[in-house]
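# Reading the structure
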Amino acid sequence: MRNYQLNADITFNFVDNIDNITASHWQNLNNASCPFLQYEFFDALEKSQSVCAKQGWQAHHLVATTATEMAAIMPMYLKSHSWGEYVFDWDWADAFKRNGIEYYPKLVATIPFTPISSNKLLSAQLQIQQLFEPLVEHCQQQNINSWHILYCDEIKAPLPKDVYQRNTVQFHWFNRDYKTFEDFLSTFTSRKRKNTRKERLSISQQNIKVRQLKNHQINQQDLEFFYLTYQLTYMKRGHQPHLSFEFFNQIVANMANNVLLIIASDEQEDIASALFFYDDNQLYGRYWGCTKQVNNLHFELCYYLGVEFCINNKLQSFNPGTQGEHKIQRGFEPVLTYSYHWIKHPGFRPAIKDFCQQEQRHMLTYQQQCRQMLPFKQ
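Remember, it's a predicted structure, so these values are computed and weren't measured experimentally. (Residues numbered from 1 in each chain as written. Predicted model: local features only at pLDDT ≥ 70, side-chain atom pairs only at ≥ 80, totals over all residues. Heavy atoms only, no water.)

The next point concerns the sheet that holds strand S8 (residues 146-152). The strand order across the open sheet built from 11 strands is S3-S6-S7-S8-S15-S9-S14-S13-S12-S11-S10, with neighbouring strands paired in mixed fashion. The open sheet has two free edges, formed respectively by strand S3 (57-59) and strand S10 (208-214), since each of these has just one partner strand. Taking each pair of neighbouring strands and ignoring which way they run, the sheet shows an average axis angle of 30 degrees. Bridge count between strand S9 (residues 163-174) and strand S15 (residues 333-343): 10 bridges; the pairing is antiparallel. From the neighbouring strand, Asn167 faces S15, where its bridge partner is Tyr338. Against the sheet, helix H7 (residues 220-235) engages S10, strand S11 (259-266), strand S12 (269-278) and strand S13 (282-290), with an angle of about 75 degrees to S13. Helix-sheet contacts for helix H10 (residues 349-371) involve S9 and S15, and the interaxial angle to S9 is about 20 degrees. (Pairing = 2+ DSSP bridges. Helix = DSSP H or I, 4+ residues; strand = E, 2+ residues; numbered from the N terminus. Axes fitted to C-alpha atoms, helices over the stretch in contact; angles between N-to-C directions. Contact = heavy atoms within 4.5 Å.)

Right, dumping it as structure tokens:
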């Protein structure tokens, strides 16, 4: 694929397989502790065929180089649909279709199936906005109809007129030097504190046992049970799971310092599980599923035990995943996420710009409304 000139010193191209990037080059540019930015995570996605052209996720990673070294990597994908992104543009695609215009393929910088905010550009030399014009040039020349950079850090600099910011709201927990879970609960109002204790107590009253497995403590039987529950979660909604068993197998083998699996059992029969990732600063709740419905078990496995894990391990925050206003009353605070978008077709730009501006105002209002629902004492 042809090279593009970023400036006098830096050129970039796009590679369609992570094997074209060495792990050492990747990690030399990756200063983040986030497990989802590790080479091994993207390698597992591609090697397991969870991400591939057949699945509508053709790897198209941006690589910037100088005359002597690799200067930047941005994981990107050519998409033929909008599944697994969590910044929803289905309405945009429908509008294109109604007018007889192709919306796909589109070029997306994201971590597949992982709505985690991070700097999607791995580089010490470049800022993400420096790639806007080269990305436009690439889309214009390669018959790509748009580019999208999802769940990235906020860009403070003024945006070009045809690049639009979108926001969503997620609910995160923050560790304010809590010593115990009860210390955290002491910040709640009396009624909310009582409700939380009641939910947690109900687990032991139903004779549910819970075990927490870190890293190499996860054996094949544990992983197979987790994958069963993961599949059931999707199938209950009429969907096929995005990620294969081979993906999780490779992750547990190669990212052994970043995985937490919590399994609940009833009378020695495993009935539910929740999988998390973590680094030195943050816990990330990712996947949940169950073979038996138990009152409040989802809250215990996915939220309360995650909060306890953060407190016990002195992690600063907990991102339990997208959506879910039920998280608010359990002490998860609304935070804004950021993504940036460019659309090739000039006829749609005014409507999409207006949509993004209205959405931004709505999300700011929604965030403030959610803050009013938090359980904390005034």
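There's plenty left to go through after this.
Let us look at unusual backbone geometry. Following Tyr104, the chain continues to Pro105 via a peptide bond in cis, the omega torsion being 5 degrees. Positionally, Pro105 belongs in the loop between helix H3 (90-98) and strand S7 (106-109). Phi is positive for Phe113, close to 60 degrees, though the residue is something other than glycine. Residue position: Phe113 is located in the loop between S7 and helix H4 (132-142). Classification of Phe113 by relative accessible area gives buried; the value is 4%. In this structure, Asn296 takes a positive phi of about 70 degrees despite not being glycine. (Buried < 20%, exposed > 50% of the residue type's maximum accessible area, 1.4 Å probe, protein only.)

For the rest of this paragraph, the subject is the nonpolar core. If you look at the biggest cluster of nonpolar residues, it comprises 68 residues, and the most contacted ones within it are Met74, Leu135 and Trp147. With 11 residues, helix H9 (residues 297-313) is the single largest residue contributor to this core. With residues up to four places along the chain from it excluded, the contact list for Met74 reads His61, Leu62, Ala109, Lys120, Leu121, Ile128, Leu131, Leu135 and Ile149. (Core = buried A, V, L, I, M, F, W, Y, C linked by side-chain atoms within 4.5 Å.)

Before going further, it helps to examine the pairing of strand S5 (residues 70-74). With respect to burial, S5 is a largely interior element, five of its five residues being buried. Pairing of strand S4 (residues 61-65) with S5 involves four bridges; the strand directions are antiparallel. Its bridge partner lying in S5, Val63 is registered against Ile73. As consecutive antiparallel partners, S4 and S5 are separated by four residues.

Before going further, it helps to examine helix H2 (residues 39-47). Structural remark: α-helix, 3.6 residues per turn; residues separated by three or four positions point the same way. For H2, the tally of buried residues reaches seven of nine residues, placing the bulk of the element in the interior. Turning to H2, its buried residues are Tyr39, Phe41, Phe42, Asp43, Ala44, Leu45 and Glu46. In the core, the buried residues of H2 are packed alongside helix H1 (23-29), S3, S4, strand S6 (76-79), helix H8 (245-254) and S12. Residue Gln49 follows H2 closely and has a positive phi angle near 65 degrees.

On to the side chain of Gln250, then. Structurally, Gln250 is set in helix H8. The residues touching Gln250, leaving out its near neighbours within four places in the chain, are Asp43, Ala44, Lys47 and Met255.

One way to put it is that H7 packs onto H8 with a least axis distance of 10 Å and a crossing angle of 140 degrees. Overall, the two elements H7 and H8 adopt an arrangement that is oblique. Crossing geometry of H7 relative to H8 is assigned as right-handed. Of the residues in H8, those in contact with Gln220, Leu223, Glu224, Phe226, Tyr227 and Tyr230 of H7 are Phe245, Phe248, Asn249 and Val252. In terms of residue class, the contact of H7 with H8 is made up of seven nonpolar, two polar and one charged. (Parallel < 35°, antiparallel > 145°, perpendicular 65-115°, else oblique. Left-handed = near helix turned anticlockwise from the far one by under 90°. Nonpolar A, V, L, I, M, F, W, Y, C, P; charged D, E, K, R; others polar.)

Our focus in this paragraph is the pattern of salt bridges. Enumeration over the complete set of coordinates arrives at 16 salt bridges. One network of salt bridges, in which partners are shared, links Lys79, Glu85, Asp89 and Lys106. (Salt bridge = Lys/Arg side-chain N within 4 Å of Asp/Glu carboxyl O.)

So, on to the environment of Tyr104. With respect to the helices and strands, the residue Tyr104 is situated in the loop between H3 and S7. When the C-alpha atoms of Tyr104 and Lys214 are compared, they prove to be 41 Å apart, with 110 residues separating the residues in sequence. In this structure Tyr104 touches Lys79, Ser80, His81, Ser82, Trp90, Ala93 and Asn145, once residues within four positions along its chain are discounted.

Right, let's talk about a nonpolar patch on the surface for a bit. On the surface, a cluster of nonpolar side chains totalling about 310 Å² of accessible area is made up of Trp83, Phe88 and Trp90. Looking at the secondary structure, you find Trp90 in helix H3. Residue classification places Trp90 among the partly exposed positions, given a relative accessible area of 30%. (Patch = residues over 30% accessible without salt bridge, like charges linked within 9 Å, V, L, I, M, F, W, Y side chains within 5 Å. Areas by Shrake-Rupley, 256 points an atom, 1.4 Å probe, with all protein chains shown as cover.)

The subject of this paragraph is the packing of helix H6 (residues 190-205) against H9. The N-to-C vectors of H6 and H9 enclose an angle of 110 degrees; their axes lie 10 Å apart at closest approach. Here H6 lies roughly perpendicular to H9, going by the angle between them. Here H6 runs over H9; the crossing is left-handed. Residues Thr196, Glu199, Arg200 and Ile203 of H6 lie in contact with H9, whose contacting residues are Leu297, Phe299, Glu300, Tyr304, Leu305 and Glu308. For the contact of H6 with H9, the class distribution of residues is five nonpolar, one polar and four charged.

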